[in-house]
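A look at the structure
The lines below spell out each chain.
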Amino acid sequence: MENIRGQSDLFLLAVSDRRMPARRAGKLGAVSLTALCGALAAGPGWATCTQSGSLGRTCSGQIGATDFTLTDTTSDQTAKLTFENATNGGATGPSSGSTAAWNFSVGAPEYSQAPAAAQLNVNLSDGFSVSSSVAQGILVTATGSKGKTHDEDKGTGDKHADDGGAGGTGGVVTATVSGVDVSGLKGGAAIVSAGGDGGYGAEGYSTGFGDGHGGDGGAGGSGGAVSATFTDVKASGLPAISAVSLGGNANEGGEGKSFDYTGHGGVGGVGGAGGSVALSLNSVSADTAVVALSQGGGGGHGGEGKDNGNGNGKGGAGGVGGAGGTVEITNATGGSPTGLQIDTTKSPGLLADSIAGDGGHGGDGDVALGLGNSTGGDGGQGGTAGSVTVSIAQPGTGGVSITTDGTRAPGLFARSYGGAGGKGGTADSSSATGGAGAGSGPSGSVTVDYAGDIHTQGAGSDGIMAQAVGGFSGDGGSASGIVAYGASVESAGDGGAVSVTYSGTEDPSIQTDADDSDAIYAQSQGGGGGQNQRGAVAG
């Protein structure tokens, strides 16, 4: 299967200065979820399970470590893994390698394919223990395959290189987990769908008597929808519980090269959209962060357009960033709220995030011997973030409380962030024009309805922090030549509506002990503009 995420294994564990966002103000600092798809590893204590066809497995009786890895599945199939009727008290994963104690991995055939849907059903009781000293306790992944990258097209005459292949869509993932105590060095339970990354645009190189056209970058695959329900679960690890949908990153356009003709850089691919994420917490206790995240993939950069003589160089445009999907966290499945306790010394408590991908940068335009026309590619538009909803009600019994003890560790943090616009490409020749900086994407709305206690003890740790922030526009590309024109910048994205309701029938409270820590901090802010560029006249 493919490596899930290079760009954004994001798990957000410290809040930066949030009052005046710069490029990403108020964003939580990134901490890697790490190795969402581990390499296979053997170990003692593996479960004996019954197989139901090639895509189903049920584990019962003496349940141990389990690795159910499926490759070459297709999107019209559904893979199922079930744990039930245990006669022992727990399962421990391998002591070496990077495989989760319970690993359920669903992959797709090579190049641009979507995998089967993945369904995990854990129906146990009495705090059955699932633990790993090297990885996650429970890991479910359904990952689209990457897009193909082709060889360059080189020779005389016009050359048109192949486009990169699109990444495959991530599979739909559903998880229902009850009656376990789950822990792991790299997280307690992680439920993930991820789109595949796009392939590179190939290089198009005309060595004479024609134009060279780089192939366009491949689009990232969209993340699949993720729905996870945890009932009567204790969780630890960093994060304790996570439900994640990631759009694949697009790839860059290929370089276009010529000699005394025109080199056209390929256009960057479009980032994959993050899928919807719904996380339900029913009688859950966690000692580190509980996270729901949907993130769009980044747009690909435009390819360089270069002429090696005195012709023309035209950079390719950057690709559009992928949209963030909708995110929802609740403790009231079926309309009946249940208890929730989060007590962490390492991180914020409850996090809900929709983050759009940034647009790709425009490719540069260049003429090697100087006497020609060059144009930088325009930057790609930032993606649009989705709406975020957190609804935590006060149950009849069990209570709701979040306690954090760390710097920049809010109790509840909900945010929607628009993607930043890509920078315009630079241009360098006797007549040169820089590429335009792209506009950024808007955020979605953020709605928080919380009834329960919150206690934060570290500095910069609000009780409830809700943000909807538009992305920042990209800078215009610079230009240098005898006649040189700088580039403009498009407008920044809007901040969405923010609503916070705090209530409770039994006098719950929000207590913040340290400096720079508000009980409730709500912010809607549009993104900032990028910087225009002037042309620099060569002398």
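Quick note: structure is the one above.
Presented here is an overview of the structure given in this document. (Residues numbered from 1 in each chain as written. Predicted model: local features only at pLDDT ≥ 70, side-chain atom pairs only at ≥ 80, totals over all residues. Heavy atoms only, no water.)

1. Things to note about the nonpolar core
For clarity, the threshold we go by: What makes a nonpolar core is a set of buried Ala, Val, Leu, Ile, Met, Phe, Trp, Tyr and Cys residues whose side-chain atoms join them at distances within 4.5 Å. Here the term buried applies to any residue with accessible area under 20% of the maximum for its type, exposed to any over 50%, and partly exposed to those in between, with areas from a 1.4 Å probe on protein chains only. Secondary structure is summarised from DSSP: a helix means a run of H or I of at least four residues, a strand means a run of E of at least two, and numbering begins at the N terminus for each. By definition in these notes, contact holds between two residues if any of their heavy atoms fall within 4.5 Å.
Judged by nonpolar contacts, the single largest core of 66 residues is most densely connected at Trp102, Leu120, Phe230, Leu279 and Leu350. With 6 residues, the top contributor of residues to this core is strand S9 (residues 117-132). Beyond its immediate stretch of four places on either side in the chain, Leu120 contacts Leu81, Phe83, Phe104, Ile138, Val140, Thr174, Ala175, Thr176 and Val177. Ala100, Leu139, Val291 and Leu293 belong to the second largest nonpolar core, which has 14 residues in total.

2. Digging into the pattern of salt bridges
When charged atoms on two side chains of opposite charge get close, those side chains can pair. Put simply, the test is: A pairing counts as a salt bridge when a side-chain nitrogen of Lys or Arg comes within 4 Å of a carboxyl oxygen of Asp or Glu.
Taken as a whole and assessed by the stated rule, the structure comprises 3 salt bridges. We note a salt bridge from Asp153 to Lys159, for which the minimum N-O separation is 3.9 Å. Put simply, Asp353 and Arg415 hold a salt bridge, and the shortest N to O gap is 2.4 Å. Highlighted residues: Asp353 in strand S27 (residues 350-355) and Arg415 in strand S32 (residues 412-417), separated in sequence by 62 residues. Residue Asp353 is classed as buried on the basis of its relative accessible area of 0%.

3. Considerations on unusual backbone geometry
Negative phi characterises most residues that are not glycine, and trans characterises most peptide bonds. Looking along the chain, the bond that leaves Leu238 and enters Pro239 is cis, with omega of 0°. Of note, Pro239 is situated in the loop between strand S17 (226-236) and strand S18 (241-246). Although it is not a glycine, Asn85 adopts a positive phi angle of roughly 50°. Looking at where Asn85 falls in the secondary structure, it is placed in strand S6 (residues 78-86).

4. Remarks on the state of the cysteines
So the rule is basically this: The term disulfide is used for any two cysteine sulfur atoms that are within 2.5 Å.
One pass over the structure, following the stated rule, counts 1 disulfide. Here Cys49 pairs with Cys59 through a disulfide, and the sulfurs are 1.9 Å apart. Linking Cys49 and Cys59, the disulfide has an S-S dihedral of approximately 100° and is accordingly described as right-handed. Of this pair, Cys49 sits in strand S3 (residues 49-52) while Cys59 sits in strand S4 (residues 56-61); the two residues are 10 residues apart in sequence, bridging distant segments of the chain. By relative accessible area, Cys49 is classed as partly exposed at 22%.

5. Thoughts on the pairing of strand S8 (residues 102-106)
Which entries qualify depends on this criterion: Only when DSSP finds a minimum of two bridges between them are two strands counted as paired.
Counting buried positions over the 5 residues of S8 gives 5, a clear majority of the element. With burial as the criterion, each face of S8 is covered, one bearing Trp102, Phe104 and Val106 and the other bearing Asn103 and Ser105. Here strand S5 (residues 66-70) runs beside S8; their pairing, made up of 5 bridges, is parallel. Within S8, the position partnered with Leu70 by the bridge is Val106. As judged from the 5 bridges shared by S8 and strand S10 (residues 138-143), these two strands associate in the parallel manner. When the sheet's bridge partners are listed, Val106 is paired in S10 with Ala142.

6. Quick look at the sheet that holds strand S14 (residues 189-194)
Here is the rule we go by: Lines are fitted to the C-alpha atoms to define the axes, a helix being fitted only along its stretch in contact, and any angle between axes, read from their N-to-C directions, falls within 0 to 180 degrees.
With respect to topology, 10 strands assemble into an open sheet ordered S5-S8-S10-S14-S18-S22-S27-S32-S37-S42, the strand pairing being parallel. Only two strands of the sheet have a single partner each, and these edge strands are S5 and strand S42 (520-525). The average undirected angle you get between the axes of adjacent strands in this sheet is 0°.

7. A few points about a negative patch on the surface
The following threshold applies: Residues form patches when they are more than 30% accessible in relative terms and have no salt bridge. Like charges link within 9 Å. Nonpolar side chains (Val, Leu, Ile, Met, Phe, Trp, Tyr) link within 5 Å. Using a 1.4 Å probe, accessible areas were evaluated by the Shrake-Rupley method; residue-level cover was limited to the displayed protein chains. In this tally Asp and Glu are treated as negative and Lys and Arg as positive; neither His nor the chain ends contributes. To locate a charge, take NZ of a lysine, CZ of an arginine, CG of an aspartate or CD of a glutamate.
Together, Asp151, Glu152, Asp162, Asp163 and Asp216 make up a region of like negative charge exposed at the surface. When you line up the elements, Asp151 lands in the loop between S10 and strand S11 (153-156). The exposure class assigned to Asp151 is exposed, which follows from its relative accessible area of 67%.

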